[in-house]
Amino acid sequence: MKLRTVSLALLLAFTVGGAQAQSAADLTGGATGRKTSSLPLKPTLTEAQAAQLSARFLTRFHYDAQPLDDAMSAKIFKAYFDALDGEKVFFTQADMAKFAPLKTQFDDAIWNQDLSGPFSVFNLYVQRAVERMGYARELLKKGFKLDTSESYAYDRKKADWPKDQAELDTLWRERTTNDWLRLKLAGKSDDDARKTLDKRYANYIERVRQLDGEDAFQSFMNAYAESTDPHTDYLGPRAAENFDISMKLSLEGIGAVLGVRDEYVVVSEVVPAGPAAKSGKIHAGDRIVGVGQGADGAIVDVIGWRNDDVVKLIRGKKDTTVRLEILPSEVGVDGKHEVISLVRQKVSIEEQAAKKKIIDIKDGNVSRKIGVIDLPTFYSDFGARREGDKNFKSATRDVAKLLGELKQAGVEGVIMDLRNNGGGSLTEANELTGLFIDKGPVVQVRDARGQVDVQGDDDPGMAWTGPMAVLVNRGSASASEIFAAAIQDYGRGLIIGQPTFGKGTVQNLVDLDRFASRTKEKPQLGELKMTIAEFFRINGGSTQLKGVTPDINFPRNGDEKDFGESTYDNALQWTQIAPAPEYKPVADLKAYLGQLQAKHDTRSAKAPGWKLMLDELAQYRKMRDKTTISLNLAQRQAERKEQEGIQADFRTRHKAIDGNTFNDDRDGLDDGLNPNERSLKSQLKQEDEAKKAADPQLDETAHILFDAVGLIKGDAKLAAEVLPYGGKFSPSATAAATPEANASPGTH
């Protein structure tokens, strides 16, 4: 899902890590440790200097350097208003007409160190936000008619700004009615709904009033940075500090990265091996509507909250419990809320390490073992490696060891599962590819000067020479795309799944303070995360924008409309350079793709798990594409009942497929455990359930590889064409193919 457009000023998505959380009392009352700001907010000289210095870097050293002129000013103008009022619920057409001259003035504002224009926009935003929430609070006193035929268009990204105050009032009456109606659907009385919403709106007003000049500057500069490309960001001093904290503590807490979409804080990424991932109940796209501390602390309503304030509530000490009330991604806005208890933990690199399993497949009289290696990220202990530690933690070393174990177990094919692997170390992507090819180039990197650096595997030998497949989806990005592209370009294995993310650019962090003029006091200019290079496949095509297209495609869930490089209007375009020197495919898989596709189509059409997956995807697309909702209580109740029936049917079908034998009433018994022990017990149960859950995509990938092995074994000529080293299934003939050799420092 795309999480760029937000309704508040802070745009940085923080990892929910392990910093000490503020107490619930600090936040439920609206106080967040920040003082109420006085309007109008005014820019400082330091901020003006930071803006100008950032412009110098972006116009000279960015990979796709663009002049800061009137054309760029228009892009910044759009990005700035999208950030502040992407849903078009605060400004009117009259406001926009007033600000129209700024379309060609933001460039001058930066070069001339005069930020009064951008700040005037932010000041009006704060004023309008307070006014609108005050208007909503007044509406609560009167109550609402819920038997009308009105509807509310809640997705307003493509809508026009309201014509005038009257149209804005109508919009907010519909918006507030919908908030009221949702609480009624949740069983709240009129009095409880009124109290809940009044508190929510009051807290919103207080948080908006706490926005300060740094927030205004952060928002404006991020609009400029992101207008150059989607992965370039400006981090003000406070945002940079939070970013540093999130990077240092990203593996401690519940293990989730949060963003903002509409009025919700949304899970944008689940960290592998963290409590959220292990629960099997937190997924990307889930909307967080409440947070509670401990086993029985009150749930705090967080709809409309700032992202960083929600993060503060969720962060906490290791081994403590936090409860999240979520609106699952697969249900509509009226879907049933779920409360999930998680024990905050530190996620060690060992827990994120590659893992293996074996899938036994029998088709008629033929049985084969297919090995699976699940790699959640391309990890590496850079510090230990730099210090010469021979046992440094490395994705490549771990995969090499697992491949050896799978060979000993007699597998005939290996699947690298890179679904939702967002990348990691480029070095690891390069070296991991070396486990599956003899030697040769792996990736090309072009910098802003146009110079191309070819990186590859120089050591002969392979850890696995047999048939292989790489399973990918939209969440496979960056280093995952480099690995999958190399395997595909060499013809070394099948790429199966969904088109990947399409992030083919490299970013670097620039500390602006290092380049400031020396003064008595150290300036606080912030940092610039800037795109400096682009990845290219060894065949010459970029992984940018297009990503990697699978050889055999699985159904898409529709997220490509909201999630992936192609969803950004200003994404760098796909381009091509010359193929890497010495690149030569080792095999051609096209000869048997048609047969594999036909077998896949026939099998999946009959598989209950596959059919269930398709039905769930169709329902998800239907709910996601809905942008208008009725304001009639009876109709909404009927729609919700229908949705609950659909979800209940899905759960029943899942249990039949998964063979789940858990008794749902078991946790209601008094087991003599204290709250923390009971929470741990619940988490272990959830992990067990997640392990038992069917995975139709992985299962079908294993069947496809099973078919491929059969085709290759039955045709010696085909085997010689599609497998390296004359079609050998065993790496025994390769001198450097043992796990020990491949795992040694410096190998691959």
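Up top is the structure.
Here goes a summary of the coordinates provided.

Parameters and conventions
- Residues numbered from 1 in each chain as written.
- Predicted model: local features only at pLDDT ≥ 70, side-chain atom pairs only at ≥ 80, totals over all residues.
- Heavy atoms only, no water.
- Phe/Tyr/Trp six-rings, centres within 6.5 Å; stacked < 30°, edge-to-face > 60°.
- Helix = DSSP H or I, 4+ residues; strand = E, 2+ residues; numbered from the N terminus.
- Buried < 20%, exposed > 50% of the residue type's maximum accessible area, 1.4 Å probe, protein only.
- Lys NZ or Arg CZ within 6 Å of the ring centre and 35° of its normal.
- Pairing = 2+ DSSP bridges.
- Contact = heavy atoms within 4.5 Å.
- Axes fitted to C-alpha atoms, helices over the stretch in contact; angles between N-to-C directions.
- Parallel < 35°, antiparallel > 145°, perpendicular 65-115°, else oblique.
- Left-handed = near helix turned anticlockwise from the far one by under 90°.
- Nonpolar A, V, L, I, M, F, W, Y, C, P; charged D, E, K, R; others polar.
- Salt bridge = Lys/Arg side-chain N within 4 Å of Asp/Glu carboxyl O.
- 1 Å grid on protein atoms, 1.4 Å probe; cavity = no way out; pocket = protein on both sides within 12 Å on 5 of 7 lines; lining within 4 Å.
- Points joined across faces, edges and corners; volume = space filled by probe spheres on them.
- Expected span 1.5 Å × (residues − 1).
- Arc of directions from axis to C-beta.
- Core = buried A, V, L, I, M, F, W, Y, C linked by side-chain atoms within 4.5 Å.

Comments concerning the packing of aromatic side chains
Consideration 1: Applying the stated criterion across every chain yields a total of 22 aromatic pairs.
Consideration 2: With a centroid separation of 5.5 Å and 65° between ring planes, the pair formed by Phe-81 and Phe-91 is classed as edge-to-face. Highlighted residues: Phe-81 in helix H3 (residues 70-85) and Phe-91 in the loop between H3 and helix H4 (93-99), separated in sequence by 10 residues. With respect to class, Phe-81 is no different from Phe-91; both count as buried.
Consideration 3: Chaining the aromatic ring pairs together yields one cluster made of Phe-77, Tyr-80, Phe-81, Phe-91, Phe-99, Phe-106, Trp-161 and Phe-220.
Consideration 4: Stacked on the ring of Phe-706, the Lys or Arg Arg-368 has its end atom at 4.7 Å from the ring centre.
Consideration 5: One residue, Lys-546, lies across the ring of Trp-574, its end atom 3.9 Å from the ring centre.

Considerations on the sheet that holds strand S12 (residues 355-363)
Consideration 1: Read across the sheet, six strands follow the order S12-S13-S14-S17-S18-S21 without closing on themselves; strand pairing throughout is mixed. The open sheet is flanked by S12 and strand S21 (552-553), the only strands paired with a single partner.
Consideration 2: Relative to strand S13 (residues 366-374), S12 runs antiparallel, the two being bridged by nine bridges. Opposite Ile-361, over in S13, you have Arg-368 as the bridge partner.
Consideration 3: The strands that helix H21 (residues 696-713) touches are S12, S13, strand S14 (413-417), strand S17 (468-472), strand S18 (494-497) and S21; relative to S13, the one it contacts most, it runs at about 125°.

As for the packing of helix H18 (residues 608-624) against H21
Packed helices, taken two at a time, are described by their axes: the angle between them and the distance between them.
Consideration 1: Put simply, H18 and H21 touch, their axes get as near as 9 Å, and they point 135° apart. When the axes of H18 and H21 are compared, the pair comes out oblique. The handedness of the crossing between H18 and H21 is left-handed. Counted together, Gly-609, Trp-610 and Met-613 of H18 and Pro-696, Gln-697 and Glu-700 of H21 form the full contact between these two elements.

Quick notes on the packing of H3 against helix H6 (residues 116-142)
Consideration 1: Where H3 contacts H6, the two axes come as close as 11 Å, and the packing angle between them is 20°. Here H6 runs roughly parallel to H3, going by the angle between their axes. For the pair H3 and H6, the sense of crossing is right-handed. Here Tyr-80, Phe-81 and Leu-84 of H3 lie close against H6, whose contacting residues are Pro-118, Val-121, Phe-122 and Tyr-125.
Consideration 2: The residue makeup of the contact of H3 with H6, split by class, is seven nonpolar, no polar and no charged.

Re the pattern of salt bridges
Consideration 1: A full pass over the atoms with the stated rule returns 31 salt bridges.
Consideration 2: The salt bridge involving Asp-198 is made with Arg-137; its shortest N-O contact spans 2.8 Å. On the criterion of sequence distance, the pair formed by Asp-198 in helix H8 (residues 190-209) and Arg-137 in helix H6 is long-range, its members being 61 residues apart.
Consideration 3: Take Asp-198: its relative accessible area is 27%, and that puts it in the partly exposed class.
Consideration 4: With its nearest N and O atoms 2.8 Å apart, the salt bridge here joins Asp-190 to Lys-184.

Structural notes on empty space enclosed by the protein
Consideration 1: Counted according to the given criterion, the structure contains five cavities of 30 Å³ or more.
Consideration 2: By volume, the largest cavity amounts to about 120 Å³.
Consideration 3: In terms of lining, the largest cavity is formed by 12 residues, of which the most central are Met-133, Arg-175, Tyr-204, Glu-263 and Gly-304.
Consideration 4: Of all the secondary-structure elements, those providing two or more residues to the lining of the largest cavity are helix H7 (165-185) and H8.
Consideration 5: Per-class residue counts for the lining of the largest cavity are six nonpolar, two polar and four charged.

As for helix H17 (residues 590-606)
Consideration 1: Relative to the 24 Å expected for 17 residues at 1.5 Å per residue, H17 spans 26 Å between its end C-alpha atoms, a close match to the ideal helical length.
Consideration 2: Taken as a whole, H17 has its buried residues at Tyr-592, Leu-593, Leu-596, His-600 and Ser-604. The buried residues of H17 occupy one face: seen down the axis, they fall within an arc of 115°. Seen from the buried face of H17, the exposed residues on the opposite side, beyond 90 degrees, are Gly-594, Ala-605 and Lys-606.

Comments concerning the nonpolar core
A general feature of soluble globular proteins is that nonpolar side chains tend to end up buried together.
Consideration 1: Among the nonpolar cores identified, the biggest contains 71 residues, and Ile-76, Phe-122, Tyr-125 and Tyr-224 are the most heavily contacted of them.
Consideration 2: Counting residues per element, this core draws most heavily on H6, at 12 residues.
Consideration 3: Among the nonpolar cores identified, the runner-up in size contains 44 residues, and Val-414, Met-416, Ile-482 and Ala-485 belong to it.

Quick word on the pairing of strand S20 (residues 527-536)
Consideration 1: For S20, a buried count of eight out of 10 residues is recorded, marking the element as mostly surrounded by other parts of the structure.
Consideration 2: Of the strand pairs in this sheet, strand S3 (residues 233-235) and S20 are connected by three bridges, and their pairing is antiparallel. Within S20, the residue paired with Leu-235 across the bridge is Glu-527.
Consideration 3: Direction of pairing for strand S15 (residues 440-447) relative to S20: antiparallel, over a ladder of four bridges. The residue of S20 that forms the bridge with Asp-447 is Ala-533.
Consideration 4: Across seven bridges, the pairing between strand S19 (residues 505-511) and S20 is antiparallel. Bridged to Thr-505 within S20 is Glu-534.

Remember that the coordinates give geometry; whether it matters functionally is a separate question.
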